[in-house]
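Working through the structure, step by step
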Amino acid sequence: MADVLYRKDMGQYSAGEQAGLPETLVVRLASHLKRHALWDVLLLLFPPLLVFSSMVIFLYHSDWVGRETLIAGGALFVGLALLTGFLRFRVVAPSRRAAAHLIDERVGGKDRFITLATIQASVCPPFLLARLRREASGLMRHLDPAGDFPYRIKRSFIQSLIGSLSVVLLFLLFQQIGSFFAPAPARDNELAPLAQKLSPIPRFSELARSLEMLTARMRDQGLSAAEKRSLIREALKRVESQLAAERQLGGAANDLLNQAAGALRGMEQGLEKSQGQGAGGFKNDQTGEGKGSGKDSGQKGNEKEQGELSALEIKEQKGGQPERGERQEMGKKQAEKNHGGGEKDESGKEKSDEVKGMGKEKAGGKGSKRMEEEISREKTAERFLRPGEQGEKGIKGARFVTVELPEEEAGGSTGEGGLGKRRGFRPKVSTSNAPLRPPDSPDAAPEKQPLPLEYRGLIR
Amino acid sequence: MEPEKYREQFSSLEAEVRKVIVDHADVIRKILIAFFSGGHVLLEGVPGLGKTLLIKSLSRALGLSFKRVQFTPDLMPSDITGTQVLTENDGRREFQFKQGPIFAQVVLADEINRATPKTQSAVLEAMEERQVTVFGETYPLEPPFMVLATQNPIELEGTYPLPEAQLDRFFFKLLVSSPAPEELMEILHRTTGEALQGASQVLPNNGAEIIVEMQRLLRQVLMAPPLEDYVVRLVHATHPTAQKGDGAVPEVGAYLRFGSSPRGAQAIILGAKGNALAEGRVHVSYEDIEAVIYPALRHRLILNFQAEAENVGADQILAAVIKKIPRD
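Calculation notes
Residues numbered from 1 in each chain as written. Chains lettered and ligands numbered in written order. Predicted model: local features only at pLDDT ≥ 70, side-chain atom pairs only at ≥ 80, totals over all residues. Helix = DSSP H or I, 4+ residues; strand = E, 2+ residues; numbered from the N terminus. Contact = placed C-beta atoms within 7 Å. Buried ≥ 20, exposed ≤ 12 C-beta atoms within 10 Å, placed from the backbone. Axes fitted to C-alpha atoms, helices over the stretch in contact; angles between N-to-C directions. Parallel < 35°, antiparallel > 145°, perpendicular 65-115°, else oblique. Nonpolar A, V, L, I, M, F, W, Y, C, P; charged D, E, K, R; others polar. Pairing = 2+ DSSP bridges. Arc of directions from axis to C-beta. Left-handed = near helix turned anticlockwise from the far one by under 90°. Expected span 1.5 Å × (residues − 1). pLDDT = per-residue confidence, 0-100.

1. Some thoughts on the overall build of chain A
The helix and strand tally for chain A stands at 21 helices and 4 strands. Looking at chain A alone, contacts between residues at least 24 apart form 67% of all its contacts between residues at least 6 apart.

Put into structure tokens, the structure is as follows:
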């Protein structure tokens, strides 16, 4: 209503005359202060908006929220922010009356400007109105809206900033607390899509398949962390070798391979972390196993228990997982047997740690470097040998093929084979099992593709 | 009339009265404001403070007819309004209306609370309607018309306190205070030396016309809607029944039986306009309003027993109201 009356009153003046009127100064100041109010509102909303965006993006990247949730939450927050901003602006934006009041205060106008800004001019005596305008115009020169009313950051912005920073700090604190207690994030989620991306490329199809299998095995609850880690390392090695080859070829799939390598490293770190966090529970398990293996490595026990352990080893070699309870029970039995074992018992304990990892490593074929070093120190058991090493039972991990030999050669052949030799078994047929050279030896069989880890047990 | 002319006349009148009356500048100004607003004034103060002299000086300066009525318990209404008297004119006897003292332009009702309510009420019609009815016949009073009543706040024995309805008809109630030592010295110098020089006439012979013009100009003074809103909120805040929410004034609820009537708001606005013109402005400011709140409302607030018992006055309650009600 006031605006309509104002426009009606101002309609009788030309643009030049209007510029010199006190009412115009009031309008100018009101617009100036409205811009300030807009800045205030924007500054008030900016910190929480920034904090919210950062938090949501962080949560999105951490896979805590999905894309849809991100979009919906973001839209909702932005909508709320806009609504709040609008309502806040309506409250803080000064009216023409407020602007006039400010001018009166600043220039000592004794309510001249508020009268001019709010009075209905059409019902006022013109001579009094003219006089009032004249008086107000005389005061106008003392006022410069931009200079006298500069923008100042309001306390609300400081409060908003402090509040937002507090939220960020709390968020970080809770995140740290959460990550301390929560299990490490599973990076194998990243590996599966990468494997899918690699699979259409012919030269990476094998690698992709192995990565997919690794992903599947990572979900296997029966595998221990050390076993998983060794699988990861192996896969990492393969990816790195592929990456090196790709670099030489100048291929364009470096990114994918790099990502795969990163994902594998992340998985490994995650496993290490989770292993560290769950140390208490794992230690108990180790203790049980260690005691059991101690007997296996050095101590003599009764035949029955020996037989049980051998059965367990065979089970492991076949790729099957011994039941945890079974292993623990065995360990306990051995512990009872080795009561007061001293040094040997200790070494047995150490070895038992390795048994846990090696059971799977042997099934897979290759072990990690660390494991290899540890194994090299212990030459007591066949199953701790690295693939290709000569053991009591022959070459570890050797793949056998049946070949036809001439009669004389067949007669002279020792028929060397692990079990056959030991038990005095000699084949009567004119065939012989000749061991293949280790894959890394110069005269090794020309094997083009490395066998998948899972198939090695079957071939053996 | 131009605002400058108004101010000139107003200042001259003020100065002339102040030649006779020492101090009481605010009272003089408020009386003049009430006069140009067309209101009546009740002056309250102990005897000997110059109330009567002030009013006499003012009427003389204005150049208007002046009558004084000393109110006593045996004063009859007809003594004020006038009565029909039987006269013989050319052998014919007839009743002729003989005007009372109320038929003056400035009437001083001295110690108005000493007259009976019946006599007091005779003044009521004159004050509000500006006319007198005697024996069924109505006689208009000549404009400008103003009643200036005085009352003594301490000698209450044998007095008849003015009823609320009559008090409400007074535009302002002004308190005349005792002079300070320096002012008393000045009073002594003026009154105990040579013959006291009275006020001289400021307005010309056609003063009544000028006064009517000045009264018209006063009503044209510009007043912004936010200021009118402030007056409304102030008056509304004096009502004990309106004490709710943020605008509640505890003193009002505790000490008042009734708040101000709409006449109070009218008195504030007209008084503020008069004050603005007296200050040389053509628009009302918040200061003008606050300058006239006390005289305009103090006699319109009806105090309760608790206020009487605790000796709480209307001015204290008004101060609380002004403090509580924001300008914007």
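Moving on from the model shown.
2. Things to note about unusual backbone geometry
Here the residue pair Pro143(B) and Pro144(B) is connected by a cis peptide bond, since its omega of -10° sits within 30 degrees of zero. Phi at Asp111(A) is positive, roughly 65°, even though this residue is not glycine. Position of Asp111(A) among the secondary structure elements: in the loop between helix H5 (96-107) and helix H6 (112-118). With phi around 50°, Phe135(B) is a residue other than glycine that occupies positive phi space. With respect to the element layout, Phe135(B) can be found in the loop between strand E6 (131-134) and strand E7 (137-140). When the 9 C-beta atoms within 10 Å are taken as the criterion, Phe135(B) is described as exposed.

3. What about the packing of helix H8 (residues 207-220) of chain B against helix H11 (residues 262-278) of chain B?
Residues and elements named next belong to chain B. Where H8 contacts H11, the axes come no closer than 8 Å and their chain directions differ by 105°. One element, H8, and the other, H11, form an angle in the roughly perpendicular class. Contacts between H8 and H11 involve Leu217, Leu218 and Arg219 from the first element and Leu270, Lys273, Gly274 and Leu277 from the second. The residue inventory of the contact of H8 with H11, partitioned by class, reads 4 nonpolar, 1 polar and 2 charged.

4. Section: the pairing of strand E5 (residues 106-110) of chain B
All names here are of chain B. Most of E5 is tucked away: 5 of the 5 residues are buried. The alternating pattern of E5 places Val106, Leu108 and Asp110 and Val107 and Ala109 on opposite faces, both of which are buried. Where E5 lies against strand E8 (residues 146-151), 4 bridges are found, and the strand directions are parallel. In the strand pairing of E8, Val107 is matched with Val147.

5. Brief notes about the environment of Glu129(B)
All names here are of chain B. Position of Glu129 relative to the elements: it lies in helix H5 (residues 117-129). Overall, Glu129 belongs to the exposed group, with 12 C-beta atoms counted inside 10 Å. Note: C-alpha distance between Glu129 and Leu141 (12 residues apart in sequence) is 9.0 Å.

6. Here we look at helix H14 (residues 314-324) of chain B
All names here are of chain B. Of the positions making up H14, those classed as buried are Ala314, Ile317, Leu318 and Val321. Axial view of H14: buried residues confined to an arc of 100°, hence all on one face. In the core, the buried residues of H14 are packed alongside helix H9 (225-236), helix H10 (250-255), strand E10 (256-258), helix H12 (286-297) and strand E11 (302-303).

7. Some thoughts on the interface of chain B and chain A
Listed per partner, the contact involves 13 residues of chain B and 15 residues of chain A. Tallying contributions element by element places H9(B) first for the side of chain B that touches chain A, with 3 residues.

8. Comments concerning the sheet that holds E5(B)
Residues and elements named next belong to chain B. Read across the sheet, 5 strands follow the order E2-E5-E8-E1-E9 without closing on themselves; strand pairing throughout is parallel. Strand pairing shows two members of the sheet lacking a second neighbour, strand E2 (66-70) and strand E9 (172-175), which therefore form its edges. Each neighbouring strand pair of the sheet contributes to a mean axis angle of 20°, computed without reference to strand direction. Examined bridge by bridge, strand E1 (residues 41-44) and E8 share 4 bridges and lie parallel to one another. Opposite Val41, over in E8, you have Leu148 as the bridge partner.

9. Details of the packing of H9(B) against H12(B)
Residue and element names in this part refer to chain B. The contact between H9 and H12 brings their axes to 10 Å, and the two run at 25°. Classed by the angle they form, the pair H9 and H12 counts as roughly parallel. Of the two elements, H9 crosses H12, and the hand of that crossing is right-handed. Contacts between H9 and H12 pair Leu227, Tyr230, Val231 and Leu234 from the former with Tyr286, Ile289 and Ile293 from the latter. Broken down by class, the residue content of the contact of H9 with H12 amounts to 7 nonpolar, no polar and no charged.

10. Observations regarding H11(B)
Residue and element names in this part refer to chain B. If you check H11, its first and last C-alpha atoms are 24 Å apart, about what 17 residues at 1.5 Å a residue would give, namely 24 Å. By the criterion of burial, H11 is predominantly enclosed, with 13 of the 17 residues buried. Gly280 sits one or two residues past H11 and shows a positive phi near 90°.

11. Details of the confidence of the model for chain B
Across chain B, pLDDT averages 88, with 99% of residues at or above 70. Here helix H7 (residues 181-192) of chain B is the element of chain B with the lowest mean pLDDT, 82, and H11(B) is the one with the highest, 94.

12. Side note on the confidence of the model for chain A
Residue and element names in this part refer to chain A. With 53% of its residues at a pLDDT of 70 or more, chain A has an overall mean of 69. Predicted confidence for residues 278-329 stays below pLDDT 50, and this span has 80 contacts to residues more than four positions away or in other chains. Within the model, the stretch residues 408-425 combines pLDDT values under 50 with 18 contacts to residues more than four positions away or in other chains.

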